[in-house]
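Understanding the architecture of this molecule
Spelled out from the first residue to the last, the chains are:
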Amino acid sequence: MTAQPLPPLQPAAGSAALSMRTKTVIVGGLIIGLYLLPFVLGESYLFLSIDFLIMALFAVSYNLLLGQAGMLSFGHAAYYGLGAYTVAILFNKLAVPVYIGLLASPFIAGAIALAVGWFAVRVTGMYFAMLTLAFGQLLHTVVMGWYGFTGGDDGLPVMPPDWLLPARNYYLFVLTVTLVSLAALRLITLSAFGTALNAIRENRQRAIFVGLGVRNYELGAFVIAGAFAGIAGAMRAPLQQMAFPSLLHWSQSAEPVLMALAGGIYTFAGPIVGAAIFVFTNFVITTYSEYPLLVFGVIVLLVVLYLPGGVAGAVIAAWERLRRRAR
Amino acid sequence: MMDEILIQALSGLSRGMVLFVVASGLTLIFGTMRIANFAHGSFYMLAAFLTYSVATMVGDRTWGFLAALCLAPPIVAGVGALIEWGLLKRIATRPHQYQLILTYAITLIVADGIKMLWGSDYRTVARPAGLDGAITILDMPFPTYNAMLILVGVLIAVGLHLLLTRTRFGKTIRAAVADGEMIGALGVNVQRLFTGVFALGAGLAGLGGVLAAPVGSVSLGIDSSIIIESFAVIIIGGVGNVMGALIGAVLIGVVHAVGILFVPKLAIAFVFIALCAVLLIRPQGLLGRNT
Amino acid sequence: MTAPSPSPSPAIVSVTSVSMHFGGFRALDDVSIDLQRGEIHAIIGPNGAGKSTLLNVISGLLRPTRGDVHYGDQRITHVPPHRRARLGIARSFQITSIFTGFTVHQNVQLALLAQRGDCRHPFRLTGERYRDEAHELLARVQIAGMGARMGGELAAGDRKRLEFAIALAGDPQVLLLDEPTAGMSGAEREIVVGIIRSLSAERQISVLFTEHDIDMVFDNAHRITVMHQGRRLVQGTPAAVRSDPRVRDVYLGEGDDAHV
């Protein structure tokens, strides 16, 4: 139609950073590295790595809300916990093995997210944060109080089958499930639906007047995020061989927010980096400090005050400064 | 059975009054500064522990409680002012999530700080002399202290109403709640207003903590239960509206207390059913403004 | 009880006896107006006359306290705004509303995706979809060369043109424009006016707009509605409106007939 070639629609995302080819190589290398990890790491570090993988999925699922749609949910742990309880309840009541329970978890967590989201998307901003928090605590209380079904605050035991018991096998299982889930989430963020969520975050009013029923899209994002959090939770229960009500508690809900902010919310990989920072910091603090919350709180305070782009953001900024100076 | 429900409702009313005092502070902070302050429950918990320490130091239970009543709320208000002035002010222009996370970090620090200073044991605070007995209502005993709480709650509601309608400070707060952007244009020192409101709100949380200390247990973890209920109160009542907070708190207190009679473990669910009903009918809260 | 049946006129939008109350304040008081196919129709009036409120009622941002809005034969009084956008009622805002964090091209691409129902699919990749159409729309408002720039970097006039391109992505029948030339330089104004005229003339799009610049209104509108304190004062051709004594009285201030 026109003589001159059209400019590409997508700006080479982070064009300053990396080409598509380099990215593919890096991601591919990382994946291979992750699959080789259990053959070099000791068992205790392997458990830490499983923890990281689960938290990474939890954080990325959350960032679909905060980073992509601009929805500040503070009750995301509810769906994480529900995923864990889906596995636990199916195992205890119907003797369903955990890997089948895991398949059911996104549907259960997503269905409850649909029920909660139906109310919650009626409001926005801080109001939405309070409401999701309140509903999350409601679900926590129900799980705590419904002894007959959930075991109350004793929790519910979960026993993985023999082949999943060795740390190496469970690691490989979790790695595969996490990678498949992250790939699905990546597709969603790059889809027309994901673009619509970006648009709603950018300018809600304009999004409405290009024909987007914004509440429905927010509800959709809430359900998808809840479903993937459910998968993360479903992998948590067999790891601890237990589902605890504390998985739904609001202090657990703060964790994906922290991870996303620590890593940076406007990139897909940000929350994954945030999860690595979070899991590692947490491990160090709980090992060496008698007052882990205090230390952790102070670190969070300092990050919020002095590193607005998160740890990863600060590293990237420093890297860019270095590169500019080198030129 | 009917009498039992009535007494239980009355007991819920007294609990609701404590909740009102705490939530009124939260709603003023939210309404003025548009911040959902997670640390509010920490202020409440801090005041409860301060009450324990002051009462123990003074020795006499009546004078001890009165001393705590005079000391703890201003101390907590001071802590609140410091947090606003030293921390929140610095990130006032950043997106909501940073403010939320900052107040969340404060809850962690306060929780472990209290654990460091007071340990993790349960503490109890004796009721002042004269308020430790019971009065008879419908041939049933009702704790005098709880009856006093209802009275005090009403007095504080009236006091807050006068503060908001009769004083310059109060009128400025109401203007800020109604239209946050206008307030700077009116020549108000927004910085001082925010610090003042945050201190006032923290002080109210502290007052709630003192009042609750002799009826509940003084222990770690009371911060998170009160903050969730306070959020529910201000969603039901409408942001920035003190009378809405009164209605919401009483509603939650009574519904919860009566619910306990029927489903002890899941009574909180009734609170959320009320919350959902309000959201469906009036998303802006019962007395909230339609924007 | 019974909604008045739509008149058999070729009106594309008809507003029938609409009132809009905010508490005790009547922003609109029994206003009726109809928009013909392909016409350029201006709403003028002093501040607080209810012009923006009327646009908001038609676009669906506000639901009227009383009265009805029809789009063709369809009663849309209770249709939510995003559905109206999909039906073909596009609008611009007084403060130009675009996606500042998207590139210019992405702005239009998103509008195309939204209007064509692609956004419902969580696995349909955005990629380069509708690149050519987006380019064409940008060319129509003469900013095709800016596709790769961020929306937030544009000057006021370019932003407004981008907003037009976004509006056109839905292939609208009706354009509602709230002060389309506010805050623009003379040259920018002329470009925007040119676009409005060509849309009406070449594509039979009906344009309803509010405007403070009286000269712009009288030079370009086919019909003018004058509003005052929430009521419709006069409606007619520029010539008729110009000579109406009531317009002189309330809109221009008594005796001041210098400009009209």
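Residues numbered from 1 in each chain as written. Chains lettered and ligands numbered in written order. Predicted model: local features only at pLDDT ≥ 70, side-chain atom pairs only at ≥ 80, totals over all residues. Heavy atoms only, no water.

1. What to know about the overall build of chain A
For the record, the criterion: Only runs of H or I of at least four residues qualify as helices and only runs of E of at least two qualify as strands under DSSP, and these elements are numbered from the N terminus. We compute the radius of gyration from the C-alpha atoms alone; for a globule the expected value is 2.2 Å times N to the 0.38, where N is the number of residues. Exposure is judged per residue with a 1.4 Å probe applied to protein chains only, and the accessible area is read against the type maximum: over 50% gives exposed, under 20% gives buried, and values in between give partly exposed. In this description, contact between two residues means that some pair of their heavy atoms is separated by no more than 4.5 Å. Each accessible area is a Shrake-Rupley result for a 1.4 Å probe, and residues are judged covered by the shown protein chains and nothing else. Neither His nor the chain ends contribute to the count of charged residues, in which Lys and Arg are positive and Asp and Glu negative. Taken as the charge location is NZ of Lys, CZ of Arg, CG of Asp or CD of Glu.
Within chain A one finds 14 helices and 2 strands. Relative to the globule expectation of 20 Å for 327 residues, the C-alpha radius of gyration of chain A, 20 Å, shows essentially globular dimensions. Every one of the 327 residues in chain A was classed for burial, and the buried ones make up 54%. Taking the contacts inside chain A whose residues are at least 6 apart along the sequence as the reference set, 77% of them involve residues at least 24 apart. Looking at chain A as shown, the accessible area adds up to about 13700 Å², and 70% of this sits on carbon and sulfur atoms. Averaging the positions of the 16 positive and the 10 negative side-chain charges in chain A gives two centres separated by 19 Å.

2. Remarks on the pattern of salt bridges
Filter applied, for reference: Between Lys or Arg on one side and Asp or Glu on the other, a salt bridge is scored when a side-chain nitrogen of the former is within 4 Å of a carboxyl oxygen of the latter.
Tallied over the full model, the rule gives 21 salt bridges over all chains. Its salt-bridge partner being E163(C), residue R206(A) comes within 2.9 Å of it at the nearest N-O pair. Here R206(A) is found in helix α9 (residues 204-209), whereas its partner E163(C) is found in helix α5 (residues 156-168) on a different chain. For R206(A), a relative accessible area of 1% gives the class buried. Note on E163(C): relative accessible area 0%, which makes it buried.

3. What about the sheet that holds strand β4 (residues 66-71) of chain C?
Residue and element names in this part refer to chain C. The condition is simple: Two strands form a pair only when DSSP identifies at least two bridges running between them.
Pairing is antiparallel across the open sheet formed by 4 strands, whose spatial order is β2-β1-β4-β5. A strand with exactly one partner marks an edge of an open sheet, and here the two such strands are β2 (25-36) and β5 (74-75). Pairing analysis gives 5 bridges linking strand β1 (residues 11-22) to β4, with the strands arranged antiparallel. The partner of V13 across the bridge, within β4, is Y71.

4. Description of α5(C)
Each α-helix turn comprises 3.6 residues. Residues three or four places apart therefore point the same way. Selection rule: Expected helix span is taken as 1.5 Å per residue step, with the number of steps being one fewer than the number of residues.
Over its 13 residues, α5(C) runs 19 Å from end to end, which matches the ideal 18 Å to within 8%, given 1.5 Å per residue. Among the 13 residues in α5(C), 11 count as buried, and that is most of the element. Taken residue by residue, α5(C) has G157(C), D158(C), K160(C), R161(C), L162(C), E163(C), F164(C), A165(C), I166(C), A167(C) and L168(C) as its buried positions. Along its buried surface, α5(C) packs onto α9 of chain A together with β6 (89-92), α3 (104-115), α4 (131-140), β7 (174-178) and α6 (186-203) of chain C.

5. What about the interface of chain A and chain C?
The line we're drawing: What counts as buried area is the accessible surface, traced by a 1.4 Å probe, that two parts surrender upon association, with contributions from both included. Any pair of N or O atoms that falls within 3.5 Å is considered a polar contact. Within protein, one atom must be able to donate a hydrogen and the other to accept it, and sequence-neighbouring residues count only if both atoms are side-chain atoms. Three classes are used, and their members are as follows: Ala, Val, Leu, Ile, Met, Phe, Trp, Tyr, Cys and Pro are nonpolar, Asp, Glu, Lys and Arg are charged, and the others, Gly among them, are polar.
The partner chain C presents 43 residues to the 32 residues of chain A that form the contact. Both sides together, the interface formed by chain A and chain C hides about 3300 Å², and carbon and sulfur atoms give 67% of it. Counting across the interface, chain A meets chain C through 14 residue pairs in polar contact (both at pLDDT 80 or more). Looking at the side of chain A that touches chain C, the elements with two or more residues in it are α7 (167-190), α8 (192-202), α9 and α10 (214-240) of chain A. The element contributing the most residues to the side of chain A that touches chain C is α8(A), with 7 residues. Its residues assigned to classes, the side of chain A that touches chain C comprises 21 nonpolar, 9 polar and 2 charged.

6. Examining the arrangement of the chains
Counting contacts across all 2 pairs of chains found in contact, the highest total belongs to chains A and B. If you take every C-alpha in chain B and every C-alpha in chain C, the smallest gap between them is 10 Å, and the two do not touch.

7. What about the packing of helix α2 (residues 40-58) of chain B against helix α4 (residues 96-118) of chain B?
Each packed pair of helices is defined by two parameters, the angle between the axes and the distance between the axes. Residue and element names in this part refer to chain B. Our working definition: With axes taken as lines fitted to C-alpha atoms, and helix axes fitted only over the stretch in contact, angles between N-to-C directions fall between 0 and 180 degrees. Oblique is the label for every angle not falling under 35 degrees (roughly parallel), over 145 degrees (roughly antiparallel), or within 65 to 115 degrees (roughly perpendicular). Should the near helix be turned counterclockwise from the far one by less than a right angle, the crossing is left-handed, whereas a clockwise turn marks it as right-handed.
Two elements in contact, α2 and α4, have axes whose closest approach is 10 Å; the angle formed by their N-to-C orientations is 15 degrees. Our classification of the angle between α2 and α4 gives roughly parallel. Viewed along their axes, α2 and α4 form a crossing whose handedness is left-handed. In this structure, α2 contributes S42, M45, L46, F49, L50, Y52 and S53 to the contact, and α4 contributes T107, V110, A111, I114 and W118. Residue composition of the contact of α2 with α4, grouped by class: 9 nonpolar, 3 polar and no charged.

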